[in-house]
Amino acid sequence: MVTAIDGMLLMYRPSRGLHPVFSSHSIHKETRLIMTYPSDMQDTNQPLLSEEIAVANHLEVIETVISSLQEDQSAMVSHSEQGHLWKFKYGSVEVFVQLTGLTDEDTLTVWSPVLKLPVQNEAQLMRRLLEMNWSGTFEARFGIFGDQIVVTSTRTVAELSPGEVSRNITVVATVADNHDESLQSEFAAS
């Protein structure tokens, strides 16, 4: 059974219950989590399926968002004991998405390298990054990872919605792509 509620397609499969079906077109629209019962449940005192829907679909949502943003079929994925790691090209940057697992304590981390260290005028660079963190990075932030300046966003999986997944990936990719070339030209390698 497939039905649409609030612009979101929902599918019921006996093995998985009710779950959203996303397309790259619909993922960028405002998405609300629908709390509903499978069609075969007669007793409305049964627990709602919202938590099961959200947990079961983080991987699908991430892959849908990446497929809508990637260029030249650049997306790659790696599965290991540490979770899932995706890499894709967006504009002039590479974007990484890591999901460590599906429990509430696991994390979704998105990052994109924008500048290699060391650079000339590092103190001026750090000031610029802190100023941009204050006013121009939304939920993302600039940070140092190894020998690189990255744009990053991290969030626990607890109560993570499809809209938050989409926004975190999109914000990191966009902020990184908007600033990488200007930072590289202004702060030359030392």
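This is a predicted model, so every value here is computed, not measured.

> Sorry, what's going on with the overall build of the protein here?
Helix and strand counts for the protein come out as 4 helices and 9 strands. When the elements of the protein are put in sequence order from the N terminus, they spell out β-β-β-α-α-β-β-β-β-α-β-β-α. With 190 residues in all, the protein has 38% of them scored as buried. Counting only contacts in the protein whose residues sit at least 6 apart along the sequence, the fraction spanning at least 24 positions is 56%. By element, 52% of the accessible surface of the protein is carried by carbon and sulfur atoms, the whole surface being about 10600 Å².

> Please clarify how the sheet that holds strand E7 (residues 107–116) should be interpreted in this entry.
Whenever strands of a sheet pair, they do so through backbone hydrogen bonds, lying parallel or antiparallel. Read across the sheet, 6 strands follow the order E4-E5-E6-E7-E9-E8 without closing on themselves; strand pairing throughout is antiparallel. Edge strands, defined here as strands with exactly one partner in the open sheet, are strand E4 (76–80) and strand E8 (141–145). Shown here is a sheet whose adjacent strand axes are inclined to one another by a mean of 25°, direction ignored. Strand contacts of helix H3 (residues 122–135): E7, E8 and strand E9 (148–156), with the helix running at about 140° to E8, the strand carrying the most contacts.

> Is there a simple way to explain unusual backbone geometry in this structure?
The linkage connecting leucine 117 with the following residue, proline 118, adopts the cis geometry, with an omega of 0°. By the element assignment, proline 118 lies in the loop between E7 and H3. Positive phi outside glycine occurs at glutamine 73, with the angle close to 50°. Positionally, glutamine 73 belongs in the loop between helix H2 (58–69) and E4. Of note in the backbone geometry, glutamate 159 takes a positive phi value of approximately 55° without being a glycine. With respect to the helices and strands, glutamate 159 occurs in the loop between E9 and helix H4 (162–186).

> Would you take a moment to explain the nonpolar core for this structure?
Looking at soluble globular proteins, one finds that nonpolar side chains tend to be buried together. If you look at the biggest cluster of nonpolar residues, it comprises 36 residues, and the most contacted ones within it are Ile62, Val97, Leu125, Phe142, Ile169 and Leu183. Going through the elements one at a time, H2, strand E5 (83–90), strand E6 (93–99), E7, H3, E9 and H4 are the ones with two or more residues in this core. Considering every element that reaches this core, the biggest residue donor is H4, with 8 residues. The residues touching phenylalanine 142, leaving out its near neighbours within four places in the chain, are Val114, Leu129, Met132, Asn133, Thr137, Ile149, Val150, Val151, Val175, His179 and Leu183.

Analysis parameters
- Residues numbered from 1 in each chain as written.
- Predicted model: local features only at pLDDT ≥ 70, side-chain atom pairs only at ≥ 80, totals over all residues.
- Heavy atoms only, no water.
- Helix = DSSP H or I, 4+ residues; strand = E, 2+ residues; numbered from the N terminus.
- Buried < 20%, exposed > 50% of the residue type's maximum accessible area, 1.4 Å probe, protein only.
- Contact = heavy atoms within 4.5 Å.
- Areas by Shrake-Rupley, 256 points an atom, 1.4 Å probe, with all protein chains shown as cover.
- Pairing = 2+ DSSP bridges.
- Axes fitted to C-alpha atoms, helices over the stretch in contact; angles between N-to-C directions.
- Core = buried A, V, L, I, M, F, W, Y, C linked by side-chain atoms within 4.5 Å.

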